[in-house]
2 protein chains.
Amino acid sequence: MQTDIKIVLVNTTHSGNIGGVARAMKNMGLSNLVLVAPKSFPSAEASARAAGADDVLTAAIVVESLQQAIADCQLVFATSARERHIPWPIMDPREMAAVICAADKATDGSKVAIVFGREDRGLTNEELHLCQHHVCIPSVASFSSLNIAAAVQVIAYEIRMASLLDVSAQAPQWGTPWDAPLAEQRELELMFDHFESTMVKTGFLDPNSPRQFMTRLRRLIMRALPDKIEVNILRGMLTSITKYIGSEKK
Amino acid sequence: MQTDIKIVLVNTTHSGNIGGVARAMKNMGLSNLVLVAPKSFPSAEASARAAGADDVLTAAIVVESLQQAIADCQLVFATSARERHIPWPIMDPREMAAVICAADKATDGSKVAIVFGREDRGLTNEELHLCQHHVCIPSVASFSSLNIAAAVQVIAYEIRMASLLDVSAQAPQWGTPWDAPLAEQRELELMFDHFESTMVKTGFLDPNSPRQFMTRLRRLIMRALPDKIEVNILRGMLTSITKYIGSEKK
């Protein structure tokens, strides 16, 4: 696989878990670990639990925000256990792996981030909305929260199985080589900002009472995994609307 | 699924891992934990790592030998990372789950054991040979050893995925309801003892230089997952040979 896969941990509290994650990653051939504002890192406890995956810890990148961690990624998956107010498309880890493999084949390799939340509270709604897909490990409802290293182990295992079995043919999303690279996450965010400001200008969106408009718009567009050309087309469309509004006001 | 699935841990050294295993099991809906001569149990560390799966720890059974743990099981899987001198059929966790589901459908539920070895050395060859199938999580060759709780998480996850997806149709082993219950592990052991003593009597097997005969015989018969009727037929055959030898010597 040419795809570059990052495991992103947000605000991890227990240092030992960071080591357990590094070990699980290395077992499955992953090496890019990004830590968003960890409570403590590096630490002796992380190294002990890594059990030989020190190279993953040494190469780990620490950043201040989730946005920084995922800005250059084309595919961003958030792991999530909870049901949300507005349902977001949810895939299981096997479907996630198939999508990653299919994208890898169709686009000559993309940057992928898989985001894991806090041990006790997972990811916030705002963080989840930065991600295109939500992945849920199908645990039992009455005891659903996996240890974070165990969750990374399952996710990384599915990616490895998919790369070994070449399941990309089973993923319907891209059955053919794609004609443009997928948009990066920061490009999507700029586009959403553009949407929001434009809809405020048109009067469609009341900034004092935005309701669920932006959330539902994100959900819609992210589900499609837009490519760079498509993002440019949408932004061109927004720009053209703004110009029209401007001229009408005169 | 009607099948009763035991997770069997052999000589676990780190108490915390027992707790991690209990949590991973409960996350995936498994509850039967059997500990073969653990270094320390119960322990505060196990309870801490169980993070709410105390009921699994409380119900855990401690036994002295692997043989005791698996005696009443019809399907026994050993997890293994190492290549062995005599290659044994190896399946990946997904194949294992498909076999369990297929057996569940074909036999109205069987008792299944999945055996995990020591943190540092896994299972001995003798222990592996008590098990019908070897399961290998496809980790990278240069860093192949998973944490035991992470390994249980992957195995339990595959069983849960298989039960949710109903993949039994993909398993070729039993495409039809079976006409007899599968043999229990202790019945198989008695049969192998019977084979061994009979082959010594016939002179085929030199007890001072047994070579690989019994290992290869086990591998052959276990691969087929014999049912109770088949075991009785084989033992009847052995008994008949012994009688013949007895009469010839006279």
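These numbers were taken from a predicted model, which means no experiment stands behind them.

Chemist: Which residues make up the overall build of chain A, and what values do they have?
Modeler: Helices and strands together make up the secondary structure of chain A, namely ten helices and seven strands. Summarising the internal contacts of chain A: among those between residues at least 6 apart in sequence, 87% fall at separations of at least 24.

Chemist: If you had to explain the interface of chain A and chain B to someone new, which residues and values would you point to?
Modeler: Of the residues lining the interface, 26 residues belong to chain A; the matching set on chain B comes to 26 residues. For the side of chain A that touches chain B, the secondary structure elements donating two or more residues are helix H1 (15–27) and helix H7 (148–165) of chain A. Looking at the side of chain A that touches chain B, the element that brings in the most residues is H7(A), giving eight residues.

Chemist: Tell me about the domain arrangement of chain A, residues and numbers included.
Modeler: Residues and elements named next belong to chain A. Each assigned domain of chain A is listed with its residue range as follows: domain 1 (4–170) and domain 2 (185–249). Relative placement of domain 1 and domain 2: their C-alpha centres are 29 Å apart. Here the residues of the side of domain 1 that touches domain 2 sort into eight nonpolar, two polar and no charged.

Chemist: Could you give me a rundown of the sheet that holds strand E4 (residues 75–79) of chain B, with the residues and numbers involved?
Modeler: Residues and elements named next belong to chain B. Pairing in this open sheet of seven strands is parallel, and the strands run E3-E2-E1-E6-E4-E7-E5 from one edge to the other. At either margin of the open sheet sits one strand with a lone partner, and together these are strand E3 (61–63) and strand E5 (90–91). For strand E2 (residues 32–36) and E3, the ladder comprises three bridges, and the chain directions are parallel. Bridge pairing in E3 places Val36 opposite Val63.

Chemist: If you had to explain the environment of Ala44(A) to someone new, which residues and values would you point to?
Modeler: Locating Ala44(A) in the fold gives a position in helix H2 (residues 44–50). Residue classification places Ala44(A) among the exposed residues on the basis of 10 C-beta atoms within 10 Å.

Chemist: Quick one: what's the story with the environment of Ala180(B), residue by residue and with numbers?
Modeler: Residues and elements named next belong to chain B. Inspection of the secondary structure assignment puts Ala180 in the loop between helix H7 (148–165) and helix H8 (185–202). Judged by C-beta crowding, with 13 C-beta atoms within 10 Å, Ala180 ranks as partly exposed. Separated by 45 residues in the primary sequence, Ala180 and Val135 have C-alpha atoms spaced 25 Å apart. Those residues within four positions of Ala180 in sequence are excluded, and the remaining contacts are Asp227, Lys228 and Ile229.

Chemist: Mind laying out the relation of the copies chain A and chain B, listing which residues take part and the relevant values?
Modeler: For the pair chain A and chain B, the best superposition has an RMSD of 0.1 Å and corresponds to a rotation of 180 degrees with a translation of 0.0 Å parallel to the axis. What the rotation and shift describe, once combined, is the action of a two-fold rotation axis. Interface overlap between copies is the fraction of interface residues in one copy that are interface residues in the other; for chain A against chain B it reaches 100%, indicating a shared surface.

Chemist: Explain the confidence of the model for chain A residue by residue, including any values.
Modeler: Atomic detail in the predicted coordinates should be set aside for any region of low pLDDT. For chain A, mean pLDDT is 86; residues scoring 70 or higher make up 90% of the total. Across residues 168–175 of chain A, confidence stays below pLDDT 50; counting only partners more than four residues off in sequence or on other chains, it has 14 contacts.

Rules behind the numbers
- The written sequence of each chain sets the order in which its residues are numbered from 1.
- By the order in which they are written, chains take letters starting at A while ligands take numbers starting at 1.
- Selection of residues for local features in this predicted model requires a pLDDT of at least 70, selection of side-chain atom pairs for listing and counting requires 80 or more, and totals for whole chains, interfaces and linings are taken over all residues.
- The way it works is that DSSP assigns letters per residue, a run of H or I at least four long becomes a helix, a run of E at least two long becomes a strand, and they are numbered from the N terminus.
- Once C-beta atoms have been placed from the backbone, residue pairs whose C-beta atoms lie within 7 Å are recorded as contacts.
- Start and end points for every domain follow an automatic or database-based domain assignment.
- In this classification, the charged set is Asp, Glu, Lys and Arg, the nonpolar set is Ala, Val, Leu, Ile, Met, Phe, Trp, Tyr, Cys and Pro, and all remaining amino acids, among them Gly, are polar.
- When DSSP finds two or more bridges between a pair of strands, those strands are recorded as paired.
- Three classes are used. A residue is buried when 20 or more other C-beta atoms lie within 10 Å of its own, exposed when 12 or fewer do, and partly exposed in between, with C-beta atoms placed from the backbone.
- To superpose the copies, least squares is applied to the C-alpha atoms of every residue with a pLDDT of at least 70 in both.
- On a range of 0 to 100, pLDDT expresses the predictor's confidence in each residue.

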